[in-house]
Amino acid sequence: MGRKVTLATCCLNQWALDFEGNLSRILKSIEIAKQKGAKYRLGPELEICGYGCADHFYESDTLLHCFQVLKCLLESPLTHDIICDVGMPVMHHNVRYNCRVIFLNKKILLIRPKMLLANYGNNREFRWFSPWSRPRHIEEYFLPRMIQDVTGQTTVPFGDGVLSTKDTCIGSEMCAELWNPRSPHVDMGLDGIEIFTNSSASYHELRKADHRVNLVKSATTKSGGIYLFANQKGCDGDRLYYDGCAMIAINGDIVARGAQFSLEDVEVVTATLDLEDVRCYRGERCHPHMEYEHRPYQRMKTDFCLSDCDDRCLPTHQPVDWIFNTPEEEISLGPACWLWDYLRRSGQAGFLLPLSGGVDSSSSACIVYSMCVQICQAVKDGNSQVLDDVQRVVNDSSYRPEDPRELCGRLFTTCYMASENSSEDTRNRAKDLAAQIGSNHLNINIDMAVKGMLGIFSVVTGKWPQFRANGGSARENLALQNVQARVRMILAYLFAQLCLWAQGKPGGLLVLGSANVDESLTGYFTKYDCSSADINPIGGVSKMDLKCFLQYCVKRFQLTALISILDAPPTAELEPLTDGKVVQTDEADMGMTYSELSVIGRLRKISKCGPYSMFCKLIHSWKETFSPSQVATKVKHFFRMYSINRHKMTTVTPSYHAENYSPDDNRFDLRPFLYNTHWAWQFRCIDSEVAVME
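Please read these numbers as outputs of a predicted model, since none were measured by experiment.

1. Some points on empty space enclosed by the protein
Here is step 1: Tallied over the entire structure, the rule returns four cavities of 30 Å³ or more.
Here is step 2: Roughly 120 Å³ of internal volume is contained in the largest cavity.
Here is step 3: In terms of lining residues, the largest cavity is bounded by 16 residues, among which Gly539, Thr653, Ser655, Ser662 and Asp664 are the most central.
Here is step 4: Here the residues of the lining of the largest cavity are counted per class, giving six nonpolar, eight polar and two charged.
Here is step 5: There is about 50 Å³ of room inside the second largest cavity.
Here is step 6: In this structure, the second largest cavity is lined by Tyr51, Gly52, Ala54, Asn122, Asn123, Arg124, Trp128 and Arg667.
Here is step 7: In terms of residue class, the lining of the second largest cavity is made up of three nonpolar, three polar and two charged.

So this is what it looks like as structure tokens:
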């Protein structure tokens, strides 16, 4: 009857401006799609150049190289007899658009520009692109001569059109258009389009995957249809990790899905579906002649079928259950995949981490161990790309990783940097964890370096500062803590550069940071201390989530050394011990708990609260615990800390983006870094409310 269609969508681990690698992965996905019998292949957003090109989109070279790659795709035998839908920037009438280029057998069928741009969170598409603002309007696009020579076409359709084959009709959405209240799939469905495609570059945030899946299911529940979702995967050059989740849905059910996290560079998801299921669903639920008021979409007709005449024996895909990862599993998998991409693409030989024996640095260590677990599993599963990469990283072409602990010893160096203020408890915790994950562990004493720094200061000034416990002032106390922290940063980079050299091995190590999102929010870290690293896998994760993650690691990886780390109070260990015991704790220093900080952080960023509106919300949510005056004190204290320390965010280590209240200053949370820290007007409004209430 010719009504069953096999469709392919994919996740590709593209890399910004890696045109050669991106082309290779696109061709590989097309080859796999054809092997699985697909007649339509959908790829991620801007897959030819990579989504994260940022201001490189301004360069004419980027546009040129995209068309050169498109030329290679058009000429490749792999792209014959399959409709290919690829993403790239296109300039039309001197305006730059984020586009889909749909072609078949060396002919471009349609260039569809993005209509609703993403301009929130980490997305800044309006900076580089303009939206196509003419719904259901088609213009002529004059092709570059290099493309004309291949296609024999001078112009092709450009605009908001749809593709009509001999057996069905296909319409495109792009990423944020699915999330928009005026999603194009609504009008397309009412106009008889049966297959919707969405090419996306959707990045990972904790607890976000179900939102994406629910939107896709909802898109086809309302008016029926088939929905293909493609996404980028991996680290394409910055703080974001694109987390896959390619999927295919029909009439509100997911029938095929890809992995959220994996080390596969190319993942293709296919499904065989019956178009009659869409037509029957719509025949009962939709009445477009009564509901549809807009002019119809222009259909770009092509003499091609997605179905075969004899498809009676072809089985169709059935609904599948989507089991979502827990937040702890997401922390274990996402940052680990991001670290692996960064390591193999940076050309370095491993990681170095200052391991203090606390929750934060232990979390970074466990993420590296999780990375090693995933690498060993990928090699066991036959992933040749991962094997090639790990052999190159360890500089051994015969190496085959089988034991995560053994691999960890090759890739990962940890060091405990003790001072006279360090306790035996934290030293032992760091040593025990390093032994369990198999890292190459070093014990370093920094007292000599600290005394040398203070000696220089004393020679110049004739003064020797003292800790508060020894009669010193607050300024002396803070300076003495900071010099220890900064010496650790210098030593970390020294050992990262020369550690392998001392062992007669090539390469250097990337320094890992371990400041969590809550510490960044309040500035509870020393500028240019061990938080100053090359990259930070936990910089976007809250302290509360990290504790849950370590509890997960105890069970998942049998890392029992984490139990004592979880039981110990968080401490910087920068002030003198009392009877050999730690008296300094993080929460006492900050003046609030990590749990309270998570609430405040979400109100500041997600709920867009300033001091006054935050106070007004917290007096209700904290009414069982704090009086209005106590709430006022905490809000004021937070905003003073935040504004005094905001300048630290301008130099903070690039961190994996995982939390939607991240204070990352790069492009997610744009704020000034010189504040009037008195907040006089705002705090006076709070005081007025407290006076009325009490």
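2. Quick word on the environment of Leu387
Here is step 1: Mapped onto the elements of the fold, Leu387 is located in helix α12 (residues 384–394).
Here is step 2: Residues Leu387 and Ser397 lie 10 residues apart in sequence; the distance between their C-alpha atoms is 9.3 Å.
Here is step 3: When near neighbours in sequence (up to four residues on either side) are disregarded, Leu387 contacts Val379, Tyr399, Arg400 and Pro401.

3. A short note on the packing of aromatic side chains
Here is step 1: Tallying each qualifying case throughout the model produces 22 aromatic pairs.
Here is step 2: For the pair Tyr51 and Tyr242, a centre-to-centre distance of 6.2 Å together with 75° between the ring planes defines the contact as edge-to-face. Of this pair, Tyr51 sits in the loop between β2 (40–42) and α2 (60–75) while Tyr242 sits in strand β12 (residues 242–243), and the two are 191 residues apart along the sequence. For the pair Tyr51 and Tyr242, one class covers both residues: buried.
Here is step 3: A ring pair is formed by Tyr97 and Trp132, whose centres lie 5.6 Å apart and whose planes are at 70°; its orientation type is edge-to-face. Note that Tyr97 is positioned in strand β4 (residues 95–104) and Trp132 in the loop between α3 (125–128) and β6 (138–142), a separation of 35 residues in sequence. Accessibility assignment for this pair places Tyr97 and Trp132 in one class, buried.
Here is step 4: One aromatic cluster is present, built from ring pairs that chain together Phe638, Phe639, Tyr642, Tyr675, Trp679 and Phe683.
Here is step 5: Here the basic side chain of Lys605 rests over the ring of Phe668, its NZ or CZ set 4.5 Å away from the ring centre.

4. So, the state of the cysteines
Each disulfide consists of one covalent bond between the sulfur atoms belonging to two cysteines.
Here is step 1: For the coordinates displayed, the defined rule picks out zero disulfides.
Here is step 2: You can see Cys99 has no disulfide; the closest cysteine sulfur is in Cys66, sitting 11 Å from it.
Here is step 3: On the basis of relative accessibility, which here comes to 0%, the residue Cys99 falls in the buried class.

5. Side note on the sheet that holds strand β18 (residues 412–418)
Here is step 1: If you trace the four strands from one edge of the open sheet to the other, you get β19-β18-β17-β20, paired in parallel fashion. The open sheet has two edge strands with one neighbour each: β19 (440–445) and β20 (510–511).
Here is step 2: Of the strand pairs in this sheet, strand β17 (residues 351–354) and β20 are connected by two bridges, and their pairing is parallel. Pairing of Phe351 across the sheet is with Leu510, part of β20.

6. Quick look at the pattern of salt bridges
Here is step 1: According to the stated counting rule, one finds 37 salt bridges in the structure shown.
Here is step 2: The shortest N-O distance in the salt bridge between Glu139 and Arg134 comes to 3.0 Å.
Here is step 3: Linking Arg207 and Asp545 is a salt bridge whose minimum nitrogen-to-oxygen distance equals 2.8 Å. Within this pair, whereas Arg207 is found in the loop between β10 (195–200) and α7 (209–223), its partner Asp545 is found in helix α18 (residues 543–556), the two being separated by 338 residues in sequence.
Here is step 4: The partly exposed category is assigned to Arg207, whose relative accessible area is 39%.
Here is step 5: Using a relative accessible area of 8% as the deciding quantity, one classes Asp545 as buried.
Here is step 6: Each member of the salt-bridge network shares a partner with another, and the members are Asp265, Asp341, Arg344, Asp389 and Arg392.

Cut-offs used in this document
- Residues numbered from 1 in each chain as written.
- Predicted model: local features only at pLDDT ≥ 70, side-chain atom pairs only at ≥ 80, totals over all residues.
- Heavy atoms only, no water.
- 1 Å grid on protein atoms, 1.4 Å probe; cavity = no way out; pocket = protein on both sides within 12 Å on 5 of 7 lines; lining within 4 Å.
- Points joined across faces, edges and corners; volume = space filled by probe spheres on them.
- Nonpolar A, V, L, I, M, F, W, Y, C, P; charged D, E, K, R; others polar.
- Helix = DSSP H or I, 4+ residues; strand = E, 2+ residues; numbered from the N terminus.
- Contact = heavy atoms within 4.5 Å.
- Phe/Tyr/Trp six-rings, centres within 6.5 Å; stacked < 30°, edge-to-face > 60°.
- Buried < 20%, exposed > 50% of the residue type's maximum accessible area, 1.4 Å probe, protein only.
- Lys NZ or Arg CZ within 6 Å of the ring centre and 35° of its normal.
- Disulfide = S-S within 2.5 Å.
- Pairing = 2+ DSSP bridges.
- Salt bridge = Lys/Arg side-chain N within 4 Å of Asp/Glu carboxyl O.

What is shown is where atoms sit, not what they do.
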